[in-house]
Amino acid sequence: IFTCYPNADTEAPVCAEGILTLIARKAYRRPLSQQEIDTVMGFYRAEIDKGETFDAAIQTGIAYIMVSPQFLFRFERDPEGVEPGSIYQISDLEMASRLSFFLWSSIPDDQLIDLAMSGRLQEPDVLEQQVRRMLDDDRSAALGSNFAGQWLYLRNVPSTSPDADIFTDFDDNLRTALLRETEMLFESIVREDRPIVELLTSDYTFLNERLAKHYGIGGVYGDQM
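Residues numbered from 1 in each chain as written. Predicted model: local features only at pLDDT ≥ 70, side-chain atom pairs only at ≥ 80, totals over all residues. Heavy atoms only, no water.

(A) Representation of the side chain of R133 in the model. The topology assignment puts R133 in helix 7 (residues 124–136). A relative accessible area of 19% places R133 in the buried class. Polar side-chain contacts of R133 include one of 2.9 Å to the side chain of D109. There is a polar contact of 3.4 Å between the side chain of R133 and the side chain of Q111. For R133, the residues in contact, after removing those within four places along its chain, are W104, D109, Q111 and L112. (Helix = DSSP H or I, 4+ residues; strand = E, 2+ residues; numbered from the N terminus. Buried < 20%, exposed > 50% of the residue type's maximum accessible area, 1.4 Å probe, protein only. Polar contact = N/O pair within 3.5 Å; in protein donor to acceptor, adjacent residues only side chain to side chain. Contact = heavy atoms within 4.5 Å.)

(B) Structural view of the state of the cysteines. In this structure the tally under the stated criterion is one disulfide. Each sulfur of the disulfide joining C4 and C15 lies 2.0 Å from the other. Taking the sign of the S-S torsion, 115° for the link of C4 and C15, the bridge is right-handed. Taken together, the residues span a long stretch of sequence, with C4 in the segment before helix 1 (12–28) and C15 in helix 1 at a distance of 11 residues. Classification of C4 as partly exposed rests on a relative accessible area of 28%. (Disulfide = S-S within 2.5 Å.)

(C) Layout of helix 8 (residues 141–151). If you check which residues of helix 8 are buried, you get A142, L143, G144, A148 and G149. Taken together, the buried residues of helix 8 touch helix 5 (92–103), helix 7 and helix 9 (172–191). Phi for Y153, located one or two positions after helix 8, is positive at around 60°.

(D) Representation of the packing of helix 5 against helix 7 within the structure. Between helix 5 and helix 7, whose axes approach to 11 Å, the crossing angle comes to 30°. Of the possible angle classes, the one that applies to helix 5 and helix 7 is roughly parallel. In the crossing of helix 5 with helix 7, the sense of the turn from one axis to the other is right-handed. Touching L99, S100 and L103 of helix 5 are L127, V131, M134 and L135, all from helix 7. Broken down by class, the residue content of the contact of helix 5 with helix 7 amounts to six nonpolar, one polar and no charged. (Axes fitted to C-alpha atoms, helices over the stretch in contact; angles between N-to-C directions. Parallel < 35°, antiparallel > 145°, perpendicular 65-115°, else oblique. Left-handed = near helix turned anticlockwise from the far one by under 90°. Nonpolar A, V, L, I, M, F, W, Y, C, P; charged D, E, K, R; others polar.)

(E) Fine view of the packing of aromatic side chains. Enumeration according to the criterion identifies 11 aromatic pairs in this entry. Ring centres of F147 and F186 lie 5.9 Å apart, and the angle between their planes is 40°; on these two criteria the pair is classed as tilted. With a gap of 39 residues between them, F147 in helix 8 and F186 in helix 9 connect regions that are remote in the sequence. The class of F186 is buried, set by a relative accessible area of 4%. Among the aromatic side chains, those forming a connected cluster through ring pairs are F2, Y5, Y44 and F54. One Lys or Arg, R77, reaches over the ring of F75 and ends 5.5 Å from the middle of that ring. A cation sits over an aromatic face here: R139 above W104, 3.8 Å from the ring centre. (Phe/Tyr/Trp six-rings, centres within 6.5 Å; stacked < 30°, edge-to-face > 60°. Lys NZ or Arg CZ within 6 Å of the ring centre and 35° of its normal.)

The structure is reproduced here in structure tokens:
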């Protein structure tokens with residue numbers, strides 16, 4: 001958080017504005033207007049005027065950012081003059097948020113925001129390069145756990161309890177492995193750009209020893225999938 005720290009009171013406002021602007025840019029997923037910067041800094045100055053420390057004043061500024069609707073909600077504004085029900089192109093910054101929350105379940109990084117600010121994100125070559133970069137990032141694991149979790153109802157697996165009289169060897173280790181197997185198959189299809197029909201037709205999967213035993217497949221050892 002503290003990208004700088006003032007050595008004198010005269011340095012504090014500039015340092016504070018740099019810290020809070022950087023955090024707000026990440027939280028709002030876009031650059032701030034001067035009015036928005038002034039509003040955030042108003043909370044900082046109010047604390048300083050009350051005699052609070054630099055750290056406490058920064059904390060209050062961050063608290064304001066964290067309760068702002070600009071952080072809590074993802075806005076996509078209709079262009080002026082657009083006809084109701086018509087199709088229009090969203091902005092590059094809106095595209096950056098769509099990509100990051102879909103692929104990462106999180107905010108866009110600096111590279112994505114910088115490209116959006118330059119107006120280049122929706123260029124086909126740039127867009128493809130960014131999607132592939134984001135899928136190569138570890139954060140894209142969220143696509144399997146969140147998107148696939150909703151789409152394939154994988155989130156219901158932890159609360160599913162097969163009949164214990166019929167499935168006598170079912171336990172939490174098997175439950176976890178079954179869930180992870182489906183997530184990893186989905187992730188592999190997405191990351192490797194494989195046909196989506198392989199969710200139904202694939203001749204490969206991901207197993208650990210517990211799951212392989214359940215399927216009657218030999219030669220698989222250990223907990224690692």
